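# Structural description and commentary
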Amino acid sequence: LVSVSDDEAVVSTQSTGGHEDSIWSVAWARSEKDNTENIITGGVDDLVKSWNWRDDFLEYKAELRGHQLGIVSVTINSAGTVAASSSLDSTIKLWDLDSSKQIKSIDAGPVDCWSVAFSPDGQYVGSGSHSGKINLFGIESGKLEQTLDTRGKFVMSIAYSPDGHFIACGGIDGIVCIFDLATGKLLHTLEGHAMPIRSLTFSPDSQLLTTCSDDKSTKIYDVQHANLIGTLSGHGSYVLCVDFCPDNTHFATSSSDRKVKVWDAGMRRAVHTFSDHTDQVWGVAYNENGSKLVSVSDDKQIIVYECPI
C-alpha cells in the first residue's frame, strides 16, 4: 500500500495485491451492521475481492472465489451487508460481506447476465441480458421473478432509482429505456446516444438520470418528463462508468482516456480531472457521504481520491 503525497487529492493507491489482471468493476458502501466501509472489486482474473477502507487506508480483507470467468459487474446492497457479482460464466453470486462467504449462486442462463444492481429494498438483484431484457431475481428465492423487455438489443447497463419507482437500462445500440417498477411498463425510450451505453445512474433524489457512452459523452435527463437536460463532453475516449455523488449535485465519470472526472450537474461542466491511472478506467464509485471516490482500471490499480468539493 502506498500513500501518495505529491497530489493531495489522491489518498492512497493499491498497486500490489490488487488483482493480477484488469479490474472491471468496483462498489463502495457502509455496512449498517457495524459501520464498516466495504469496497468490492471484480477483475478479469475471475476474482471478487473485498476491502475495508479504514483510517484513510485500503485494507485487503478477502478473496471471494467461485466464478469461473471474468467479473463483469459488482454491486453492494443499500444496507452495505451483501454484495452481488456477475460474470462471463453466466452466474450471479451473492456474498455476505461480514463473513466473506457465498450466500447464493444464481444461474442467469447462457450469456445472459451483464451488469447487476440491487433494488433499493434489497429484495431483488437485476441484471441486463444479451436478449434485450432486464431480469429481476429474488434474493431469497434465487430465481427469476420478473422480466422487463426493452424489445431492443443487448442491455449493457442498469440502474434502480433510489426511490424504488423506476429501473433504467442502457443498450449496446445507444437506447435508454425507463420502466415503471410497479406496473412493469416501459415509460420512456431515450435515443440520445448513438453508441453503447456502458453505465447509467440516477441522482439520489431520483429526479435525474445520467448516462455515459462510447460516443465520449455523458448525458443528463429529467426522469419525469424524459427531457434531455444536457450533453457533457470532455473525455477523449469511451466513457465507461458514471456514479452520482450523495450530495445530489456532482457525479463522477471514468473513461478509456485513463481519466476520472468530477462534474457539476447543475452547471453541466467538469470541475475536476484525476489523471492517475495509466490505462483505461472501468469503474468509479463514491463513498456514502461523497467525500471520497474509488476507481479501478486495466492498470490493475485501485485508487482512492479525496473529492475536490
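Structure: see above.
This section reports on the structure supplied with the text.

Conventions we followed
- Residues numbered from 1 in each chain as written.
- Predicted model: local features only at pLDDT ≥ 70, side-chain atom pairs only at ≥ 80, totals over all residues.
- Heavy atoms only, no water.
- Helix = DSSP H or I, 4+ residues; strand = E, 2+ residues; numbered from the N terminus.
- Rg over C-alpha atoms; globule rule 2.2 N^0.38 Å.
- Buried < 20%, exposed > 50% of the residue type's maximum accessible area, 1.4 Å probe, protein only.
- Contact = heavy atoms within 4.5 Å.
- Lys, Arg positive; Asp, Glu negative; His and termini not counted.
- Charge placed at Lys NZ, Arg CZ, Asp CG, Glu CD.
- Polar contact = N/O pair within 3.5 Å; in protein donor to acceptor, adjacent residues only side chain to side chain.
- Pairing = 2+ DSSP bridges.
- Axes fitted to C-alpha atoms, helices over the stretch in contact; angles between N-to-C directions.
- Salt bridge = Lys/Arg side-chain N within 4 Å of Asp/Glu carboxyl O.
- Phe/Tyr/Trp six-rings, centres within 6.5 Å; stacked < 30°, edge-to-face > 60°.

Attention now moves to the overall build of the chain. The helix and strand inventory of the chain stands at zero helices and 29 strands. Relative to its length of 309 residues, the chain is compact, with a C-alpha radius of gyration of 18 Å against a globular reference of 19 Å. C-alpha extents for the chain along the principal axes are approximately 50 × 45 × 30 Å. Going through the 309 residues of the chain one by one, you find that 59% of them count as buried. If you take every contact in the chain between residues at least 6 apart in sequence, the share linking residues at least 24 apart comes to 42%. One way to put it: in the chain the 24 positive side-chain charges average out to a point 4 Å from where the 41 negative ones average out.

Here we take up the side chain of Ser85. As for its placement among the helices and strands, Ser85 is situated in strand S8 (residues 82-87). In this structure the side chain of Ser85 is engaged in a polar contact, spanning 2.9 Å, whose partner is the side chain of Trp95. Aside from chain neighbours lying at most four places away, what touches Ser85 is Val48, His67, Ile71, Ser73, Val74, Thr91, Ile92, Lys93, Trp95 and Val116.

Attention now goes to the sheet that holds strand S12 (residues 124-128). Strand order in this open sheet of four strands is S11-S12-S13-S14, and the pairing throughout is antiparallel. Two strands bound the open sheet, and with one partner strand each, they are strand S11 (116-118) and strand S14 (144-149). Ignoring which end each strand starts from, the neighbouring axes of this sheet average 20° apart. Bridge count between S12 and strand S13 (residues 133-138): five bridges; the pairing is antiparallel. Opposite Gly126, over in S13, you have Leu136 as the bridge partner.

Although it is not a glycine, Asn35 sits at a positive phi angle of roughly 65°. Despite not being glycine, Ser100 has its phi angle at roughly 60°, a positive value. Residue position: Ser100 is located in the loop between strand S9 (91-96) and strand S10 (101-107).

Turning our attention to the pairing of strand S22 (residues 227-233). Across six bridges, the pairing between strand S21 (residues 217-222) and S22 is antiparallel. Pairing of Tyr221 across the sheet is with Leu228, part of S22. Between the end of S21 and the start of S22, which pair antiparallel, lie four residues, with Ala226 showing a positive phi angle near 60°.

Moving on, we come to the environment of Trp282. As for its placement among the helices and strands, Trp282 is situated in strand S27 (residues 281-286). Residues Trp282 and Ser22 lie 260 residues apart in sequence; the distance between their C-alpha atoms is 8.9 Å. Engagement of the side chain of Trp282 in a polar contact is seen with the side chain of Asp298, the distance being 2.9 Å.

Tallied over the full model, the rule gives nine salt bridges. The partner of Lys49 in a salt bridge is Glu63, with the nearest N and O atoms 3.9 Å apart. Of this pair, Lys49 sits in strand S5 (residues 48-54) while Glu63 sits in strand S6 (residues 57-64), and the two are 14 residues apart along the sequence. With a closest N to O distance of 3.4 Å, Lys292 and Glu306 form a salt bridge. Here Lys292 is found in strand S28 (residues 292-297), whereas its partner Glu306 is found in strand S29 (residues 302-306), with 14 residues between them in sequence. When its relative accessible area of 31% is taken as the criterion, Glu306 is described as partly exposed. Each of Arg30, Glu37 and Glu288 takes part in a single network of salt bridges with overlapping partners.

Moving on, we come to the side chain of His193. Structurally, the position occupied by His193 is in the loop between strand S18 (186-190) and strand S19 (197-202). The class for His193 is buried, based on a relative accessible area of 4%. Polar side-chain contacts of His193 include one of 2.8 Å to the side chain of Thr211. At 2.8 Å, the side chain of His193 forms a polar contact with the side chain of Asp215. Those residues in contact with His193, other than ones at most four positions away along the chain, are Asp173, Gly174, Thr211, Cys212, Ser213, Asp215, Ser217 and Lys219.

The subject of this paragraph is the packing of aromatic side chains. Within this structure, the stated rule accounts for seven aromatic pairs. For the ring pair Phe251 and Trp263, a centre distance of 6.3 Å and an interplane angle of 15° mean the geometry is stacked. In this pair, Phe251 is assigned in strand S24 (residues 250-255) and Trp263 in strand S25 (residues 260-264), connecting sequence segments 12 residues apart. The two residues Phe251 and Trp263 agree in class, both being buried. Three or more aromatic residues link up through ring pairs in this structure, and these residues are Phe244, Phe251 and Trp263.

By themselves, these are just geometric observations and shouldn't be taken as functional.
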